[in-house]
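Residues per chain, in single letters:
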Amino acid sequence: MNSTDFKTRLAALATQNICVIDASISKSDYTPIDLSEANTDLQNFDISSSKDWDTYITNYLNKRNKKVAFGGYLEKRGIYNRSDYFNNPNPETERNIHIGLDLWIAAGTSVLAAFNGEVHSFNDNTNYGDYGPTIILKHELEGFVFYTLYGHLSRESLTSIKVGEKVSEGQTIAYLGKAEVNGDYAPHLHFQIIINIQDKVGDYPGVSSLIDLDFYKENTVNPEAVLGL
């Protein structure tokens, strides 16, 4: 199975109602959110402040009577300008295109394995604006190996996990972290599906530059299609 066939096969799993956060929350309680540069609402608060982001997300959900805001795959964002880890004045090499799916919900929410597999690696990525505590799982589908990444977790989520540990689809593997540990963001899960992990351990780019985008589009899968969103 090549990568194109794999993506088609993986998308077909959406009918199985795969969840990566608290499975008691119905998908009908999810709502899309646009955090791209085109969203003028983001001009009305301090996007460098995780507290202001939390207020914005909470109000966004309350107005729609929803519990989870989701989106962001291939979304060009301005939020990364706040961090020297991402900031680069060259428009081709600046990393500002998001290549995972964000699910915005309160800290402490359970994080679930999307598929059967095992723990590939984990790390606390502590750069400002980075993932914070991160877990990567390894999976196999009809002989095709791939990976899922779960970022912005609580530090406690890494205390007892072990490389090679088997996990089952829907198993709680972690909990979402607060801004103090998650890279200084409003609480959310960064979920990413990766084909070739490229020898990365406990980390993998979740934001791309324009010059690298074609590669990352090929090497990642749109999680919305897989989760049925």
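Note: the structure precedes this text.
For clarity, every value in this text was computed on a predicted model and none was experimentally measured.

Novice: What is the right way to look at the overall build of the chain in this model?
Specialist: Each helix and strand in the chain was counted, giving four helices and 14 strands. Against the globule reference of 17 Å for 229 residues, the chain gives a C-alpha radius of gyration of 17 Å, in line with a compact fold. In terms of its C-alpha atoms, the chain occupies a principal-axis envelope of roughly 50 × 40 × 35 Å. When each of the 229 residues of the chain is scored for burial, the buried share is 52%. Sequence separation of at least 24 residues holds for 73% of the intrachain contacts in the chain that already meet a minimum separation of 6.

Novice: Mind showing me how you'd approach the environment of Gly108 here?
Specialist: Take Gly108: it is sitting in the loop between strand S5 (101-104) and strand S6 (110-112). Using a relative accessible area of 44% as the deciding quantity, one classes Gly108 as partly exposed.

Novice: Would you mind showing me how to read the layout of surface pockets here?
Specialist: The probe, sized like a water molecule, is rolled over the atoms to show the empty space still left. Space inside the second largest pocket adds up to approximately 160 Å³. Lining the second largest pocket, in full, are Asp54, Ile57, Thr58, Leu61, Asn62, Lys66, Lys67, Trp104, Ile105, Ala106, Ala186 and Pro187. The greatest single-element share of the lining of the second largest pocket, amounting to five residues, is contributed by helix H2 (residues 50-64). Here the residues of the lining of the second largest pocket sort into seven nonpolar, two polar and three charged.

Novice: Looking at this structure, how should I read the sheet that holds strand S3 (residues 75-76)?
Specialist: Pairing is antiparallel in the open sheet, where three strands are placed in the order S3-S4-S13. The open sheet has two edge strands, S3 and strand S13 (207-209), and neither has a second partner. With two bridges joining them, S3 and strand S4 (residues 95-98) adopt antiparallel strand pairing. Each bridged residue has a counterpart across the sheet, and for Glu75 the counterpart in S4 is His98.

Novice: I keep staring at H2 and nothing clicks. Help me out?
Specialist: Three- or four-residue spacings in an α-helix give side chains the same orientation, since the helix completes a turn every 3.6 residues. For H2, with 15 residues, the first-to-last C-alpha span of 21 Å sits near the 21 Å given by 1.5 Å per residue. Along H2, the residues classified as buried are Ser50, Trp53, Tyr56, Ile57, Tyr60 and Leu61. The buried residues of H2 occupy an angular sector of 125° when the element is viewed end-on, so they sit on one face. In H2, the exposed positions that point more than 90 degrees away from the buried face belong to Lys51, Asn62 and Lys63. Buried-residue contacts for H2 involve strand S1 (30-32), strand S2 (68-71) and S5.

Novice: Looking at this structure, I do not really get helix H1 (residues 3-11). What am I missing?
Specialist: Inspection of H1 places Ser3, Phe6 and Leu10 among the buried residues, and these make up the whole buried set. Along the axis of H1, the buried residues cluster in a sector spanning 55°; they form a single face. Away from its buried face, by an angle of more than 90 degrees, H1 presents the exposed residues Thr4 and Thr8. If you follow the buried residues of H1, they end up packed against strand S8 (132-141), strand S9 (144-151), strand S12 (188-194), helix H3 (213-219), strand S14 (220-221) and helix H4 (223-227).

Novice: What should I look at first to understand the pattern of salt bridges in this one?
Specialist: When their charged atoms lie close together, side chains carrying opposite charge are able to pair. Tallied over the entire structure, the rule returns five salt bridges. As a salt-bridge pair, Asp102 and Arg77 come within 2.8 Å of each other at their nearest N and O atoms. Residue Asp102 is found in strand S5, and its partner Arg77 is found in the loop between S3 and S4; the two are separated by 25 residues along the sequence. For Glu118, the salt bridge is made with Lys166, and the minimal N-O distance between the two is 2.9 Å. Taken together, the residues Glu118 in strand S7 (residues 117-125) and Lys166 in strand S10 (residues 166-167) connect sequence positions 48 residues apart. Among the residues examined, Lys166 registers a relative accessible area of 60% and is labelled exposed. Connected via shared salt-bridge partners are Glu75, Arg77 and Asp102.

What counts and how
- Think of each chain on its own: its residues are numbered from 1, step by step along the sequence as written.
- Residues qualify for local features only when their pLDDT is at least 70, as the model is predicted, and side-chain atom pairs are given and counted only at 80 or more; totals for whole chains, interfaces and linings, by contrast, use all residues.
- The side-chain quantities take in all heavy atoms of the structure and omit both hydrogens and water.
- Helix and strand definitions follow DSSP, with helices as H or I runs of at least four residues and strands as E runs of at least two, each counted in order from the N terminus.
- Here the globule rule reads 2.2 Å times residues to the power 0.38, and the radius of gyration is calculated from C-alpha atoms.
- Three labels apply to residues, based on accessible area from a 1.4 Å probe with only protein chains included: buried if under 20% of the type maximum, exposed if over 50%, partly exposed otherwise in between.
- Residues are treated as being in contact if the distance between any of their heavy atoms lies within 4.5 Å.
- A cavity here means a set of 1 Å grid points, computed over protein atoms only, where a 1.4 Å probe fits but cannot escape. A pocket is an open set with protein on both sides within 12 Å along at least 5 of 7 lines, and lining residues have an atom within 4 Å of a point.
- Grid points are joined across faces, edges and corners, and a volume is the space filled by probe spheres set on the points.
- Gly counts as polar in this scheme, as do all residues outside two lists: the nonpolar Ala, Val, Leu, Ile, Met, Phe, Trp, Tyr, Cys and Pro, and the charged Asp, Glu, Lys and Arg.
- Should DSSP find at least two bridges between two strands, the strands are regarded as paired.
- Here the expected span of a helix is defined as 1.5 Å times the quantity of residues minus one.
- By definition, the arc is the one covered by directions from the helix axis to the C-beta atoms.
- In what follows, salt bridge is the name for a side-chain nitrogen of Lys or Arg lying within 4 Å of a carboxyl oxygen of Asp or Glu.

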